[in-house]
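One letter stands for each residue in the lines below.
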Amino acid sequence: MGFVLAPLVVTVAASVNPTPILQFPPSGVSFVWFRRVLTSDIFVPAFRASIRLAVVSTSVTMLIGLPAAYGATRLERARLKEIILGLLMSPLMVPQLVMGIGLLQFYSYLGVSMSFVTLLFGHVLVQLPYVIRTVLACLANVDPALEEAAQNLGASRLRAVVAVVLPLARPGIIAGGIFAFVVSFDNVLMTLFLATARNVTLPIQMLAYTEHNLDPSIAAVATLLLGNSCVLLILLRRIGGLRV
Amino acid sequence: MEHYITIVSNRVYLGSVVYTLRFGFIVTGVTLLLSYPIAYTLTKISPGRLAAYSLIILSPLFVNLVVRAYGWIALLSKYGAVNSTLVWLGWEVQPSQLLYTDGSVLVGMVHVLSPYMILSIFASLSTLDPALPDAAANLGASSWQTFLYITLPLSIPGIVAGATVVFTSSVSAYVLPLLLGGIDVKLVSTLLYQQVMILGNYPFGSALAATIYILTFLSLVVSSNLIGQARPSAVGSV
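Residues numbered from 1 in each chain as written. Chains lettered and ligands numbered in written order. Predicted model: local features only at pLDDT ≥ 70, side-chain atom pairs only at ≥ 80, totals over all residues. Heavy atoms only, no water.

J.: Can you help me understand the overall build of chain A in this one?
T.: A tally of helices and strands in chain A yields 12 helices and 0 strands. Seen through its principal axes, chain A has C-alpha atoms that stretch 70 × 45 × 30 Å. In chain A, 70% of the contacts between residues at least 6 apart in sequence involve partners at least 24 apart. Of the roughly 11800 Å² of accessible surface on chain A, a fraction of 66% belongs to carbon and sulfur atoms. Averaging the locations of the 16 positively and 9 negatively charged side chains of chain A gives two centres separated by 5 Å. (Helix = DSSP H or I, 4+ residues; strand = E, 2+ residues; numbered from the N terminus. Contact = heavy atoms within 4.5 Å. Areas by Shrake-Rupley, 256 points an atom, 1.4 Å probe, with all protein chains shown as cover. Lys, Arg positive; Asp, Glu negative; His and termini not counted. Charge placed at Lys NZ, Arg CZ, Asp CG, Glu CD.)

Shown next, in the form of structure tokens:
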């Protein structure tokens, strides 16, 4: 247990160190690094870029993933279902390093210049399996008879899905959305290949900074991110999306 | 094909492939040795404590990779927690070089990848019929024999599934070795990044990427042959 938590505890402790050395135990308590980071002209724009990318890519992934997961549960031909799900889950089986360079090559073949959209596409690809897996698990517990009942009572198919199926699958949808957000927000490896100068995300900025500086400002960013992770974990537990 | 011939015939590149494979096996072995006892213990405790422990074990998965790497830098650096403790205890006079070694990379990799291994062994152990170890004990087997001949063989699917995730993630790892291993990491992924992003040599970089993918793919094939079905689990994002 100590092995798991020690790096996180030490990071928090290092963030309050007043001197620009990475040391433990800290030589005092000060919040100067937090002030630095929160007014920084490299970390703040990177944080904004990360949030923007995560929000947009999560929305796009949900728009593709929800209909795909629903459609997969309603497919009658088992073989076809297997193939489609296999395809949608396949990004999980490829190392992100390979996927990053693959996409880079793909874009240069197409003659597309790198932009927010090309990065977005990569993120959606990695997020999809997580959303589909989580939503599928939840949809499996929704009785198809309920949807049929709604349709028998005169609702259109779309109305039945929106008013009956989606609310019943809500925990899975929210959990899938949180997973997708985390997957995008925390992505380092693929983003490293696809990020442009205008779309440098927070993890990439932190990576670049850590390679050359070890001062406590990264510890301060890390502490803020840890707070963020705690909130997400609590949210996930609340809706019961976190199971062993 | 010329790029593949370069990889196989050039000492530096072939050496790097061998180094990467060895790295994958060592990380997998150490992670397994550490994770098995933890997963085994988790099956023996009360549901309440299980919930608390599993939250602690899962929590690193929700922490950014760079943050986790930085945590190990803070622990292992010259004035970091480990060196401070050792000096304070009087075990060493001067802080020693712990960071940017093979050891620091290994520790970081094990830390990041062990949750996957623990979860998959735990999943396998918790489906095991508790009557089987009891029966073995009734028939006179010692607890060690019961474990060796009953529990361990029945948990092999979990071990293989976990090892696959850890191995494929290790042979494609880039970020953690970069941050914890310093400048002279000899992994294929490091060479790949240099070739593509610094030298702009896309064709050769792609051949290196294909090499990594072949290693990943082969281990997926081997594991699906061993345990029957290939369940997609996250591969390679460290």
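Having seen it, we continue.
J.: Got a minute to help me understand the overall build of chain B in this structure?
T.: Regarding its fold elements, chain B presents 12 helices and 0 strands. Secondary structure elements of chain B, listed N to C terminal, follow the sequence α-α-α-α-α-α-α-α-α-α-α-α. In terms of overall dimensions, chain B has a C-alpha envelope of 65 × 55 × 30 Å along the principal axes. In chain B, which comprises 238 residues, the proportion classed as buried is 50%. The contacts of chain B with a sequence gap of at least 6 include a subset with a gap of at least 24, amounting to 72%. Of the roughly 11200 Å² of accessible surface on chain B, 68% is carried by carbon and sulfur atoms. Side chains of chain B carry 8 positive and 6 negative charges; the gap between the two charge centres is 3 Å. (Buried < 20%, exposed > 50% of the residue type's maximum accessible area, 1.4 Å probe, protein only.)

J.: For this particular structure, what's the right way to read the nonpolar core?
T.: Side chains of a nonpolar character, in soluble globular proteins, are inclined to be buried together. By size, the foremost hydrophobic cluster in this structure holds 122 residues, and its most contacted members are Met206(A) and Met109(B). Formed by 7 residues, the second largest nonpolar core is a distinct cluster that contains Ala175(A), Ile178(A), Leu233(A) and Leu236(A). (Core = buried A, V, L, I, M, F, W, Y, C linked by side-chain atoms within 4.5 Å.)

J.: Which parts of the structure should I look at to understand the packing of aromatic side chains?
T.: Aromatic ring pairs are reported here in terms of the distance separating the ring centres and the angle at which the planes meet. Inspection of the entire model under this criterion finds 13 aromatic pairs over all chains. When the centroid spacing of 5.7 Å and the interplanar angle of 75 degrees are considered together, the rings of Phe193(A) and Tyr193(B) count as edge-to-face. Taken together, the positions of Phe193(A) in helix H10 (residues 189-194) and Tyr193(B) in helix H11 (residues 188-198) put the pair across two chains. Each member of the pair, Phe193(A) as well as Tyr193(B), is classed as buried. Arranged with centres 5.0 Å apart and planes meeting at 40 degrees, the rings of Phe25(B) and Phe167(B) form a pair that is tilted. Remark: Phe167(B) occurs in helix H9 (residues 156-171) and Phe25(B) occurs in helix H2 (residues 11-42); sequence separation between them is 142 residues. On the basis of relative accessibility, which here comes to 56%, the residue Phe25(B) falls in the exposed class. (Phe/Tyr/Trp six-rings, centres within 6.5 Å; stacked < 30°, edge-to-face > 60°.)

J.: Help me understand H9(B), please; the structure alone is not making it clear to me.
T.: Since there are 3.6 residues in each turn of an α-helix, residues three or four apart along the chain are aligned in direction. Across its 16 residues, H9(B) extends 22 Å between first and last C-alpha, which sits within 8% of the 22 Å expected from 1.5 Å per residue. Burial analysis of H9(B) places 13 of its 16 residues in the buried class, which makes it a mostly covered element. (Expected span 1.5 Å × (residues − 1).)

J.: Please explain the interface of chain A and chain B as it appears in this structure.
T.: It is common to give the size of an interface as the accessible area that goes away when the parts come together. Listed as interface residues are 53 residues of chain A and, on the opposing side, 59 residues of chain B. Buried surface at the junction of chain A and chain B, both sides included, amounts to about 5000 Å², of which 79% is carbon and sulfur. The tally of links between chain A and chain B comes to 0 salt bridges. Inspection of the region where chain A meets chain B yields 3 residue pairs in polar contact (both at pLDDT 80 or more). If you list the elements that add at least two residues to the side of chain A that touches chain B, you get helix H1 (2-14), helix H5 (96-110), helix H6 (116-139), helix H9 (170-185), H10, helix H11 (202-212) and helix H12 (217-238) of chain A. Its residues assigned to classes, the side of chain A that touches chain B comprises 42 nonpolar, 6 polar and 5 charged. (Buried area = accessible area lost by both parts, 1.4 Å probe. Salt bridge = Lys/Arg side-chain N within 4 Å of Asp/Glu carboxyl O. Polar contact = N/O pair within 3.5 Å; in protein donor to acceptor, adjacent residues only side chain to side chain. Nonpolar A, V, L, I, M, F, W, Y, C, P; charged D, E, K, R; others polar.)

J.: Explanation requested: the packing of helix H3 (residues 43-74) of chain A against H11(A) in the structure shown.
T.: Axes are the key here: two packed helices are described by the angle between their axes and the distance separating the axes. All names here are of chain A. Two numbers describe how H3 lies on H11: the axes approach to 7 Å, and their chain directions differ by 145 degrees. Contacts from Phe43, Ala46, Phe47 and Ser50 in H3 reach Leu202, Pro203, Gln205, Met206 and Tyr209 in H11. The residue makeup of the contact of H3 with H11, split by class, is 7 nonpolar, 2 polar and no charged. (Axes fitted to C-alpha atoms, helices over the stretch in contact; angles between N-to-C directions.)

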